[in-house]
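# Inside the fold
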Amino acid sequence: MPATTGTRRAGRRPVTSRDEIEHIALELFSARGFDSTTVDDVAQAAGIGRRTFFRYYASKNDVPWGAFDEMLDRMRARFAALPPDVSVMAGIRETVLDFNDIPVEEQPWHRQRLRLILETPALQAHSALRYAEWRRVVADYAGARLGQEPTALLPRTLGHLCLGAALAAYEQWLAAEDAELRDLLDEVLAALETGFAQIRVG
């Protein structure tokens, strides 16, 4: 991963994509700390103005989440396209795996992203709002399949369970450099799908 200098290199063109801005910001957050890095620092390092930064993000807190809103839209579309004979948990498992399908070249950045989200105290309140949006997408699907409101007990519970499973997989992935995120997610979601019936002690 390239080392950060914290400032735009001489002659470097201003970045023009959200991915580029995010990579620069993640480098700065890792080098300086999230709290110590300002929007102006990110904009200067990227060679853009504050106005351009805020065209992509409502706040600095949104940067680690990347294209989260677009990903939620994709998640909803994936749920909507599932055949009706797929079980509720199988549908959730398939869709959550798709949501977390990260290209190999993006995975080092994704590790930085998740580490920030999970380990930065200043981001926890903002993260709680994002988690609630994610849970609602799952609960909407589960509710529609069960013939219940998304706010009913079972759809709501499935949203919380699946988020908890995903967060556990993320934490495990960050702790084990040689682990594959998809494998961890698949393992824990499969356990939820079978009610842990296939897990044996010893």
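To start, this report covers the structure provided alongside it. What you see is a predicted model; the values in this text were computed from it and never measured.

### Details of the packing of helix α4 (residues 68–81) against helix α7 (residues 124–146)
- In contact at an axis separation of 10 Å, α4 and α7 are set at 10° when each is read in the N-to-C sense. In terms of axis orientation, α4 runs roughly parallel to α7. When α4 is examined against α7, the residues F68, D69, L72, M75, R76 and F79 are found in contact with a partner set consisting of R130, E133, W134, V137, V138 and Y141.
- Looking at side-chain class alone, the contact of α4 with α7 contains eight nonpolar, no polar and four charged residues.

### Describing the environment of R182
- Along the chain, R182 turns up in helix α9 (residues 181–193).
- What makes R182 partly exposed here is its relative accessible area of 44%.
- With 13 residues separating them along the chain, R182 and A169 place their C-alpha atoms 8.8 Å apart.

### Details of the nonpolar core
- Core analysis: the largest hydrophobic core is formed by 36 residues, its most contacted members being M75, F79, I92 and W134.
- It is helix α8 (residues 153–175) that contributes the most residues to this core, ten residues altogether.
- With sequence-adjacent residues up to four places away left out, M75 is seen in contact with T95, V96, F99, W134, V137 and V138.
- I24, L26, A43 and L123 belong to the second-largest nonpolar core, a separate cluster that totals 19 residues.

Rules used in this analysis
Residues numbered from 1 in each chain as written. Predicted model: local features only at pLDDT ≥ 70, side-chain atom pairs only at ≥ 80, totals over all residues. Heavy atoms only, no water. Axes fitted to C-alpha atoms, helices over the stretch in contact; angles between N-to-C directions. Helix = DSSP H or I, 4+ residues; strand = E, 2+ residues; numbered from the N terminus. Parallel < 35°, antiparallel > 145°, perpendicular 65-115°, else oblique. Contact = heavy atoms within 4.5 Å. Nonpolar A, V, L, I, M, F, W, Y, C, P; charged D, E, K, R; others polar. Buried < 20%, exposed > 50% of the residue type's maximum accessible area, 1.4 Å probe, protein only. Core = buried A, V, L, I, M, F, W, Y, C linked by side-chain atoms within 4.5 Å.

Just distances and angles here, no functional claims.
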